[in-house]
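Read off the chains here:
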Amino acid sequence: MSADNESRAERIRRLLDTEGPTVKQNAQGFNEGRYAAMADVDGEKLRSEARRIKEDAIERLPELIETARESVEENGGSVYLADDAADANDYLAEVCADADSVVKSKSMTTEELDVNEGLEAAGVDVTETDLGEFVLQVADEAPSHLIAPGFHKSTDEIAELFNARFDPAEPLETPEQLTTFARDHLGDRIRSADVGMTGANFVLAESGTLALVTNEGNARKCAVTPDTHVAVAGVEKLIPSVDELGPMVELLARSATGQEISQYLSLLTPPTDSPTIDFDSTEPIGGGAEDREFHLVLVDNGRFEMRDDEGLRETLYCVRCGACSNSCANFQHVGGHAFGGETYTGGIATGWEAGVEGTDSAAEFNDLCTGCSRCVNACPVKIDIPWINTVVRDRINRGAEPDAVDSLVDGLVPDDEEPGMDLGKRAFGNVGTLAKLGSATAPVSNWLADSAPVRGLLERGLGVDARRGLPEFQRETLQKWDRKRDAAVREPHDDRAVVLFPDVFTNYVDPERGKAAVRVLEALGVPVRVAGVVGSGRAPFSQGMIATAREQAEAVDDALSPHLDAGRDAVFVEPSDLAMVRSEYEKLLPANRAETLAGGSYEVLEYVYGLLENGVDPEPLPRGDGERLTYHAHCQQRTLGLDAHTEAVLGRLGYDVATTEAECCGMAGSFGYKADYYDLSVAVGESLADEVRESDGPEDRRVVASGTSCEEQLTDLLDRSATHPIELLDPER
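Note that the coordinates shown come from a computational prediction; the quantities given were computed from them, not determined experimentally.

Honestly, helix 5 (residues 85–95) in this entry has me stumped. Any pointers?
Since one α-helical turn is 3.6 residues long, residues separated by three or four positions face the same way. All of the buried residues along helix 5 are Asp 87, Ala 88, Asn 89, Tyr 91, Leu 92 and Val 95. Its buried side turned inward, helix 5 meets strand 1 (78–82), helix 6 (108–113), helix 7 (115–121), strand 4 (195–198), strand 7 (228–234) and strand 10 (293–299). Between a side-chain oxygen at the N-terminus of helix 5 and the backbone nitrogen of Ala 86 the separation is 3.3 Å; the capping residue is Asp 84.

Here it is, written out as structure tokens:
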């Protein structure tokens, strides 16, 4: 493992031990709240509407900026469009030239611009008034979450911080004592401030209105208490009018904190008519808008280039709710101080950091996205965050400098990548070729791979953690077995027929589950053929090797399309390969080809469910007779909404099924093998393993998991093997 990778691994281990427990409690709490809050509304309809609004707004961005300028100036304020951080800070320094103090509400855009540092360098005292931001200002730390910057700090840590810094007469201990102290302290700062600075959740171009969504009310106080109000917002915060605000507000709090609506929703059209206040005067109440000053600073800072960048454009739809962070198993365990860049944290941070800071900042944490896709359904505007991460990963790979060693490797590997990319990533991206070689030479390959010298070389050269067991290759692949066997269905009971897709692991490592799938389908009267291609391109896709993934997608299309044209259905054992076909091929193949493949492809238990629902007799399948199971659905299977089919089939066959709630097993294909991330992978897996143990009761339940990675992780962490559900249905079991 390189020095950089060792340093990264050490930082992750430190965060797992220090900030991890508090981050996990808070992130999972928000995530559970989101599920509950979204259950009360038509979430899909709202998300589609919000997506439409953002797509339209970003498309019309130049027009909306000019509309907002006209509206704000007509109201008596001014608008400044800042090209970059330096331009914005120069303008803010000019506006605050006569100010001694500025109070701010929470704003990630001002974090991005380093506004505090700029004003303080100009001699202006800056106070953050959001409780979390205030805590971090006192602690001199960076935010660890988009909406909850002090996410990583416990009550005890904040109490210790405040007591040491402010030395109160009575030590502060409880949340009530801490918030009361902060409210009084910040209230004094707000009352004496010369300038109030806010962000804006949304800027309504038609009226020049700012929508501020908060839970503390401090943003409104900052906006209306000082005579001068400055709002700093990225240009992407513009929406046309109040008509578009409803769905956004309806979704924001639900997605962010699990609230039906935030404590405060302030709609201000500054400069406001509320009277100015001089707290030191005997006549404190002054005039209205005529005595007020308002500046709206709209920030580009790379956003227009992102708008023109097909790979990053969707990032601008982000409403900064943090749902992608809260739903991410990796983030839940290490937080934004590992899973974040210069400013932004969580899954969407890759897009923001790549867009406003450059790929070097995104490269620091991009690999923490495993592509599990749990953030896709969590995002209120349907941003395909894993795809943004994959695009940026591909750019990072291609931006690497080629060297002599890798140029040699480049000529030996069967991929379509540029020289210079990380050797470990390249090896994982070509796992199909390695598995084919390992299978052809098994069992020698297994013995050799497991020897200490080779494990040492794998760890040092490719970053494969020596603590993780390697897959054991089988000499007889699923395809070889299929070629030798006699089909069990000569006369089908139905008009259905299947081509079974052999993913890399099912074909070379665990052909038994593939054989079980064949036997189950044939027992139900469905003729089965095994496809002549292996691997969907998931492995290179996960490493950001888009060109290689596209090449493999084309090979799959060539292999499966004749079967689909012949009326056969494509059935997948591995959910991540099905997700590749259904969700990712549309980015890799012509639309008509991707649509045809997606429409004709099924997960194996989804297919069995469909057969049973359409009257096929389940008599040939063995019964569960009340056997107690704990079932963990693959993360991408859950994103596709296919986990319920497995639960239904197992229940129908007489199993007592308990299901897990964990978003991901932590293994995530190659992620759990990588030495940089092994400890994080195990930590995430242990959360799932704890769930399984809690569901056991007096006697252990059988553990069932749909994904290869999930099976491997659970088998490693529990004292029992995990099984693919199709193997429970095997007539030969």
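Read on for the rest.
What am I meant to see in the sheet that holds strand 16 (residues 656–659) here?
A sheet is described by the order of its strands in space; here four strands give the open sequence 16-15-17-18, paired in parallel fashion. Two strands close off the open sheet at either side, each with one partner strand: strand 16 and strand 18 (722–723). Of the pairings in the sheet, the one linking strand 17 (residues 702–705) to strand 18 comprises two bridges and is parallel in character. Of the residues in strand 18, the one forming a bridge with Val 703 is Ala 722.

Sorry if this is basic, but what is going on with the side chain of Arg 513 here?
Here Arg 513 shows up in helix 27 (residues 511–523). In this structure Arg 513 touches Asp 503, Phe 505, Thr 506, Val 573, Glu 574, Ser 706, Gly 707, Thr 708, Glu 711, His 724, Ile 726 and Glu 727, once residues within four positions along its chain are discounted.

How should I be thinking about the state of the cysteines in this particular structure?
A covalent bond bridging the sulfur atoms of two cysteines is what the word disulfide describes. By the definition in use, this model includes zero disulfides. Cys 372 provides the cysteine sulfur closest to Cys 328, a residue in no disulfide bond, and the two sulfurs are 6.1 Å apart. Note on Cys 710: no disulfide assigned, nearest cysteine sulfur contributed by Cys 665 at a separation of 4.1 Å. Since its relative accessible area comes to 2%, Cys 710 is described here as buried.

Would you mind going over the packing of aromatic side chains with me for this structure?
For any pair of aromatic rings, the description rests on two quantities: the centre-to-centre distance and the angle between the ring planes. What the rule picks out here adds up to 16 aromatic pairs. Ring plane angle 50° and centroid distance 6.2 Å describe the contact between Phe 331 and Phe 339, whose orientation is recorded as tilted. Phe 331 sits in the buried class, given a relative accessible area of 0%. Note on Phe 501 and Phe 572: the rings are 4.7 Å apart at their centroids and 25° apart in plane angle, and the pair reads as stacked. One end of the pair, Phe 501, is in strand 11 (residues 498–501); the other, Phe 572, is in strand 13 (residues 569–572), with 71 residues separating them in the sequence. The same class applies to Phe 501 as to Phe 572, namely buried. Within the aromatic cluster, the residues linked to one another by ring pairs are Phe 30, Phe 151, Phe 331, Phe 339 and Phe 365.

Explanation requested: the pairing of strand 10 in the structure shown.
Moving residue by residue along a regular strand, the side chains alternate between the two faces of the sheet. Counting buried positions along strand 10 yields six of seven residues, so the element is predominantly enclosed. For strand 7 and strand 10, the ladder comprises seven bridges, and the chain directions are parallel. Residue pairing in the sheet places His 229 in a bridge with Phe 294 of strand 10.

Teacher, can you tell me more about the sheet that holds strand 14 (residues 601–603) here?
By way of backbone hydrogen bonds, the strands of a sheet pair with one another, either parallel or antiparallel. Across the sheet, which stays open at both edges, the four strands sit in the order 12-11-13-14 with parallel pairing between neighbours. Of all the strands in the sheet, just strand 12 (528–530) and strand 14 have a single pairing partner and so form its edges. When strand polarity is set aside, the average angle formed by the axes of neighbouring strands in this sheet is 35°. Relative to strand 13, strand 11 runs parallel, the two sharing four bridges. Each residue of the ladder has a partner; that of Val 499, found in strand 13, is Ala 570.

I would appreciate a short explanation of the environment of Arg 550 in the present structure.
Here Arg 550 is to be found in helix 29 (residues 546–565). Residues within four places of Arg 550 in sequence aside, it is in contact with Lys 587 and Leu 588.

Sorry, what's going on with a nonpolar patch on the surface here?
A contiguous nonpolar surface patch, about 330 Å² in accessible area, is contributed by Val 242, Ile 261, Leu 265 and Leu 267. Note on placement: Val 242 falls in the loop between strand 8 (238–239) and helix 12 (245–256).

Conventions and cut-offs
Each chain carries its own residue numbering, running from 1 in the written order of its sequence. Side-chain atom pairs in this predicted model are given and counted only at pLDDT of 80 or more, local residue features only at pLDDT of at least 70, and totals for whole chains, interfaces and linings cover all residues. Remark: hydrogens and water are excluded; side-chain values derive from all non-hydrogen atoms of the structure. Partly exposed describes any residue whose relative accessible area lies between the buried limit of under 20% and the exposed limit of over 50%, with all areas from a 1.4 Å probe on protein chains only and scaled to the type maximum. In DSSP terms, a helix is any run of H or I states spanning at least four residues, a strand is any run of E spanning at least two, and both are numbered starting from the N terminus. By the convention used here, residues are in contact when the closest approach between their heavy atoms is within 4.5 Å. N or O atoms within 3.5 Å of each other form a polar contact, as long as, within protein, one can give a hydrogen and the other can take it, and as long as residues adjacent in sequence are counted only when both atoms are side-chain atoms. We call two strands paired when DSSP finds no fewer than two bridges between them. For the purposes of this analysis, a disulfide is any pair of cysteine sulfur atoms at a distance within 2.5 Å. Working definition: rings of Phe, Tyr and Trp (its six-membered ring) pair if their centres are within 6.5 Å, and the pair is stacked with planes under 30 degrees apart, edge-to-face with planes over 60 apart, and tilted otherwise. Inter-axis angles, ranging from 0 to 180 degrees, are taken between N-to-C directions of lines fitted to C-alpha atoms, where helices are fitted over the stretch in contact. Nonpolar side chains (Val, Leu, Ile, Met, Phe, Trp, Tyr) within 5 Å and like charges within 9 Å form the patches, drawn only from residues with over 30% relative accessible area and no salt bridge. Note on areas: these come from Shrake-Rupley sampling with a 1.4 Å probe, and a residue is covered only by the protein chains present in the view. We define a salt bridge as a contact between a side-chain nitrogen of Lys or Arg and a carboxyl oxygen of Asp or Glu at a distance within 4 Å.

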